[in-house]
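Observations on the model geometry
Listed here are the chains, written in short residue letters.
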Amino acid sequence: MAQHFLLSAASRTLSLRSIYKAGEEAAYQTFCEMRWPETDGEAVCPRCGHEETYSITTRRKFKCKACAHQFSVTSGTIFASRKMDFVDLLAAICIIVNGAKGVSMIQLSRDLDCQYKTAFVLAHKLREAMAQEVQTGEVLEGHVEIDGAYFGVHIRPENRKEDRKDRRLKAHQTGKRRVVIAMRERVGRTLPVVTMSEGEGVALANENICRMATMSADEASHWDELHMGWSVDRVNHSECYSDHGKHTNMAESYFSRLRRMVSGQHHHVSPQHLHQYANHAAWLEDNRRFDNGELAHRLVANSMGAPVSRNWKGYWQRAA
C-alpha cells in the first residue's frame, strides 16, 4: 500500500529548528525576496517604483534615490509597524501552516513567548493574507458542490429540568448563530461565505458560479431554485450520503475541518470573525497536498502582497 503524502518526508520541508538555526538575517532575507521577487530581494520604492535605493543598515530601512522616501520591507503590508523579529514572524507562519485544524492563540503565544493579544492579532492578519487566495472574485467553474453548516452559540441548558427551555425556539435564541455557505469545485478551490440563513446560498450561487457549470446539492428545499439556472445533482442525506456519484462530500470535508477548528482549537468564535476562520479552513483545504515549506512561502508572499490591515492594525489600542 502506497504511503500517504502527508505521512512522507516530502511533506516536511520546513521546521522550527531550521528557521531558528538559520537566524534573524536569513529570515529577513526571506521576507525581502517575497516582497520583491522580481528583483531577487533588492528593494523597490513602494511610492514611485524606482529600483535604486540606499540601505540604512542601522534601522533595516531603505531610502529611495529618486523621491527620498524611506521605507522598510514591511511598509504597506499587513506587517506594517511590526515589532516582532522576522525569525519569530516566520516561526509563527510555520506553526500556523503546520496546524491542519488551526492553532489556538494560547498555544501560539506560548510557542512564541509573546502576549495573547499579539498572537491573536498576528493570526488574524495572516488569515487576511490567506483570504487573498480564497476570495479572488473569480467565478467557480466545472462541477461545484454547495452546502451550508451552522456555527456558534451553544445555549447551555439550566441545571434543573423544570427550569430548562426549548432551545430550538427562536424566542430562546441569541441571534448570534451564523451559517457558512461553502461552494466548492470538485477539482479546484473552495469559496466560503458567512450568512444568516442557508437559503441565501441561492443568491450567492448566482453571483459566484459560472452558468456553464454543473452542481451538486442536498435535499434541502431552498436548493430547488438552483434547477432554474444549472444542471443540479441532488442527494437525500436522510437516505444516503452518496448515490452513484451524486454527493456533496467535498463540501462536507471542508465543514469537517472547519468544525474541528472551531470546536477543537478555538472553542468559541465570534460571529464578526467567523468569516476569517472560514477562509483559513478553505485555504488549508485547498492547499492540503503541498509540503509545509511551500505553504509557508505562499503565506509569506501573500502577506507581503496584502495591504495594511485596517481591521487589525492597532486593534487593541482602538479597543482600549
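Refer to the structure printed above.
Just so it is clear, the model here is predicted, and its values are computed rather than measured.

Quick look at the pairing of strand β5 (residues 178–185)
It is a general feature of regular strands that their side chains alternate between the two faces of the sheet. For β5, the buried fraction is high: eight of the eight residues fall into the buried class. Where burial is concerned, the two faces of β5 agree: the one with Arg178, Val180, Ala182 and Arg184 and the one with Val179, Ile181, Met183 and Glu185 are both buried. Of the pairings in the sheet, the one linking strand β4 (residues 143–151) to β5 comprises eight bridges and is antiparallel in character. Looking across to β5, one finds that aspartate 147 is bridged to alanine 182.

A few points about the sheet that holds strand β8 (residues 231–235)
Judged by pairing direction, the sheet is mixed, and its five strands sit side by side in the order β6-β5-β4-β7-β8 without closing on themselves. The sheet is open, and its two edges are formed by β6 (190–195) and β8, each paired on a single side. Within the sheet, the average angular offset between the axes of one strand and its neighbour, ignoring direction, is 25°. Pairing analysis gives three bridges linking β4 to strand β7 (residues 214–218), with the strands arranged parallel.

Looking at the packing of aromatic side chains
Centre-to-centre distance and the angle between the planes together describe a pair of aromatic rings. For the structure on display, the rule yields 13 aromatic pairs. Seen from their ring centres, tryptophan 36 and phenylalanine 71 are 6.2 Å apart, and the 75° between their planes marks the pair as edge-to-face. One end of the pair, tryptophan 36, is in the loop between α2 (24–35) and β1 (53–56); the other, phenylalanine 71, is in strand β3 (residues 70–71), with 35 residues separating them in the sequence. Per residue, the accessibility class of tryptophan 36 equals that of phenylalanine 71, and both read buried. Each member of the aromatic cluster is reached from another via a ring pair, and the members are Tyr116, Phe120, Trp312, Tyr315 and Trp316. Over the ring of tyrosine 28 we find arginine 60; its NZ or CZ atom is 4.5 Å from the centre of that ring. A cation over an aromatic ring shows up here: lysine 117 above the ring of tryptophan 316, its NZ or CZ 5.3 Å from the ring centre.

Conventions we followed
- Residues numbered from 1 in each chain as written.
- Predicted model: local features only at pLDDT ≥ 70, side-chain atom pairs only at ≥ 80, totals over all residues.
- Heavy atoms only, no water.
- Buried < 20%, exposed > 50% of the residue type's maximum accessible area, 1.4 Å probe, protein only.
- Helix = DSSP H or I, 4+ residues; strand = E, 2+ residues; numbered from the N terminus.
- Pairing = 2+ DSSP bridges.
- Axes fitted to C-alpha atoms, helices over the stretch in contact; angles between N-to-C directions.
- Phe/Tyr/Trp six-rings, centres within 6.5 Å; stacked < 30°, edge-to-face > 60°.
- Lys NZ or Arg CZ within 6 Å of the ring centre and 35° of its normal.

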